[in-house]
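Descriptive analysis of the structure
Each chain, letter by letter, is given below.
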Amino acid sequence: MEYSLDMQDNAVIVRVDGRVDESTWEAFGAGLSDAVQQAGQSGLALVVIDLSELDYMSSRGLRVLTVAKRQADESAISISLASPNDVMREILAISRYDKLFTITDTIELKH
Amino acid sequence: MLVRFWGTRGSLPVAPTAETIRRKIVNALVSANGRQFGNEADARTFVEQELSFASGASYGGATPCVEIEAGPSYFICDMGSGLRSFGLDSLKRNAAGHSKTYNFFQSHLHWDHIMGFPFFAPAFDPDATIRIHAGHPDAEQAFRRQQEEISFPVPFEWLRADIEFVQLTPGETHEVDDMQVETILQHHSHGSYGYRFTDGNGRTVIYSTDSEHKLEKMAVEAAFIRFFREADLVICDTMYSLADSVSMKEDWGHSSNLVAVDLCHQASAKCLALFHHEPTYEDEDIQRMHEESIRYEELTRNGPPLDVICAYDGLEVRL
């Protein structure tokens, strides 16, 4: 799993490549925390997680999303999930995480 | 080793309403589409092979009670309302010569997991031996209290069986009538304990219910992966969706189907039984959860496939 952070307009974009599972969830979590911190320090209100290159995310990854969301909520920052592939769409539905997060087909920088 | 489920529902026993039964019959008749069945066997074949489990059967509504048949004495996990049926069935087996020694293993002492004991008929048999194994030092207090007069008309003191409370220690292997038994502390109100049973043939079954895997403690899930390692069957609390378990149902002490699948994948377990079903779920809801769990296993599989089954009252699994 690799990730990168990018500041754009009014959002921090987190691009995730590979898969988030039992061996990579901690690094993913660290990356999300970093993104939320950067958004807060820059006065940005949105973090968008670009899932277009993500193969899948296990429950560890999903739960790390929740940890990041709680951190973001404390600073009134929103987190949205963008461009999930078909596998991730199924996982988000099966986990009911599509009820917890805004999911968009493309990266949308307005919230 | 044979695992027999006598109660698979969490929190509260439930029973289908008249409308629920009518709806199943109506759906079955519509599915039959005018076909006629000459005898019960043909009709049963139709029900078992052409109707979904939710349509043609039921997951049941008794609270947790799971029997492990692997030796001369009885091994039972938890004493939910399903214990009553087990107790009556065991009387028939005792009459045929079965040993009257009952080894119970309590996950914890909440009401839904002990409520069957006041109705456990063998407890009145002076020739029966009942050993209640628990990680809790206050197990006896919980059992005696539920039979105090304010709650139940038959006091604990009237039970004639030889009843013994045995405290088990996490991290140690205990030998109970040729079964190796290990226990692990789980996160639940007042604590709960999971069990690992290994028989003389090396068959292993895990009983892990009422165990919440907290967001803040993901790093310690390695202990559960070790505990579940290469088990033939893992019976796991899968009461809530993952989203519910981290939001409105957080700190309710239960787990989700996705976490159970992931732990079993990591542990190289062979079969996962979804268990401790939410009492508000209808059969269709449990069936949907089962189908989704199977699909999630397929999507995230990174090794040998994990067989995902859904426990129901009356299910028997031979290992």
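Residues numbered from 1 in each chain as written. Chains lettered and ligands numbered in written order. Predicted model: local features only at pLDDT ≥ 70, side-chain atom pairs only at ≥ 80, totals over all residues.

1. As for the overall build of chain B
Along its length, chain B carries nine helices and 14 strands. Against the globule reference of 20 Å for 319 residues, chain B gives a C-alpha radius of gyration of 20 Å, in line with a compact fold. A principal-axis box enclosing the C-alpha atoms of chain B has dimensions of 60 × 50 × 40 Å. A separation of at least 24 residues holds for 74% of the contacts in chain B among residues at least 6 apart in sequence. (Helix = DSSP H or I, 4+ residues; strand = E, 2+ residues; numbered from the N terminus. Rg over C-alpha atoms; globule rule 2.2 N^0.38 Å. Contact = placed C-beta atoms within 7 Å.)

2. Some points on the environment of B:Tyr240
Residue and element names in this part refer to chain B. Among the structural elements, Tyr 240 can be located in the loop between β11 (233-237) and α7 (242-246). Here Tyr 240 falls in the buried class, since 25 other C-beta atoms lie within 10 Å of it. A sequence separation of 36 residues divides Tyr 240 from His 276, and the C-alpha atoms of the two residues are 9.6 Å apart. If we ignore the near neighbours within four places in the chain, the residues touching Tyr 240 are Ser 245, Lys 249, His 254, Ser 256 and Glu 278. (Buried ≥ 20, exposed ≤ 12 C-beta atoms within 10 Å, placed from the backbone.)

3. Considerations on the interface of chain A and chain B
Across the boundary between the two partners, chain A contributes 18 residues, which contact 17 residues of chain B. Listing elements by their share of the side of chain A that touches chain B, those giving two or more residues are α2 (59-73) and α3 (86-94) of chain A. The biggest single contributor to the side of chain A that touches chain B is α2(A), with six residues. In terms of residue class, the side of chain A that touches chain B is made up of eight nonpolar, four polar and six charged. (Nonpolar A, V, L, I, M, F, W, Y, C, P; charged D, E, K, R; others polar.)

4. Let's talk about the sheet that holds strand β2 (residues 65-69) of chain B
Sheets are built from strands paired through backbone hydrogen bonds, the pairs being either parallel or antiparallel. Residue and element names in this part refer to chain B. Here we have seven strands laid out as an open sheet, ordered β6-β5-β4-β3-β2-β1-β14, and mixed in their pairing. Edge positions in the open sheet fall to β6 (162-167) and β14 (316-318), since each of these has one partner strand only. On average, each strand axis in the sheet is inclined to that of its neighbour by 20 degrees, with strand direction left out of account. Looking at chain direction, strand β1 (residues 2-7) and β2 are connected through five bridges and run antiparallel. Counterpart to Val 3 in the pairing with β2 is Ile 68. (Pairing = 2+ DSSP bridges. Axes fitted to C-alpha atoms, helices over the stretch in contact; angles between N-to-C directions.)

5. With respect to the environment of B:Leu299
Note that B:Leu299 resides in helix α9 (residues 283-300). Taking the C-alpha atoms as reference points, B:Leu299 and B:Gln186, separated by 113 residues in sequence, lie 28 Å from one another. Leave out the neighbours within four places in its chain, and B:Leu299 touches A:Tyr56, A:Val87, A:Glu90 and A:Ile91.

6. Quick look at the domain arrangement of chain B
Domains assigned within chain B are domain 1 (2-14 + 58-318) and domain 2 (18-56). Relative placement of domain 1 of chain B and domain 2 of chain B: their C-alpha centres are 32 Å apart. (Domains from an automatic or database assignment.)

7. Digging into the environment of A:Pro84
Residue and element names in this part refer to chain A. In this structure, Pro 84 sits in the loop between β4 (78-82) and α3. A tally of 22 C-beta atoms within 10 Å means that Pro 84 is categorised as buried. With sequence-adjacent residues up to four places away left out, Pro 84 is seen in contact with Leu 51, Arg 89, Leu 92 and Ile 103.

8. Let's talk about the packing of helix α1 (residues 25-42) of chain A against α2(A)
The angle between the axes and the distance between the axes are what describe a pair of packed helices. Residue and element names in this part refer to chain A. For the pair α1 and α2, the least separation of the axes is 9 Å and the interaxial angle reads 20 degrees. When the axes of α1 and α2 are compared, the pair comes out roughly parallel. Like other packed secondary-structure pairs, α1 and α2 cross with a definite hand, here right-handed. Along the contact surface, α1 presents Trp 25, Phe 28, Gly 29, Leu 32, Ser 33 and Val 36, while α2 presents Arg 60, Gly 61, Val 64, Val 67, Ala 68, Gln 71 and Ala 72. In the contact of α1 with α2, the residues fall into eight nonpolar, four polar and one charged. (Parallel < 35°, antiparallel > 145°, perpendicular 65-115°, else oblique. Left-handed = near helix turned anticlockwise from the far one by under 90°.)

9. Side note on the pairing of strand β9 (residues 192-198) of chain B
Remember that side chains alternate between the two faces of the sheet whenever the strand is regular. All names here are of chain B. In terms of burial, β9 is a largely internal element, six of the seven residues being buried. Sheet topology note: the strand β8 (residues 179-186)/β9 ladder contains seven bridges and is antiparallel. Bridging from a neighbouring strand, Thr 183 pairs with Tyr 195 of β9. Here β8 folds back onto β9 in antiparallel fashion, the turn holding five residues, of which His 190 has a positive phi close to 65 degrees. In this sheet, strand β10 (residues 204-208) lies alongside β9 in antiparallel orientation, the contact comprising four bridges.

10. Examining the pairing of strand β12 (residues 271-275) of chain B
All names here are of chain B. Burial of β12 is extensive: four of the five residues sit out of reach of the surface. Where β11 lies against β12, four bridges are found, and the strand directions are parallel. Looking across to β12, one finds that Asp 237 is bridged to Phe 275. Inspection of the sheet shows β12 paired to strand β13 (residues 307-310) by four bridges, in the parallel sense. When the bridges of β13 are listed, Leu 274 appears paired with Cys 310. With respect to chirality, the unit in which β12 leads through α9 into the neighbouring parallel β13 is right-handed. (Right-handed = clockwise from strand over helix to strand, strands pointing away.)

11. Quick look at helix α5 (residues 139-146) of chain B
Residue and element names in this part refer to chain B. Taken residue by residue, α5 has Ala 139, Ala 142 and Phe 143 as its buried positions. Here the buried residues of α5 occupy an arc of 95 degrees about the axis, which is enough to place them on one side. Facing away from the buried side of α5, by more than 90 degrees, are the exposed residues Gln 141 and Arg 144. Lining the buried residues of α5 we find β4 (101-106), β5 (129-134) and β6. (Arc of directions from axis to C-beta.)

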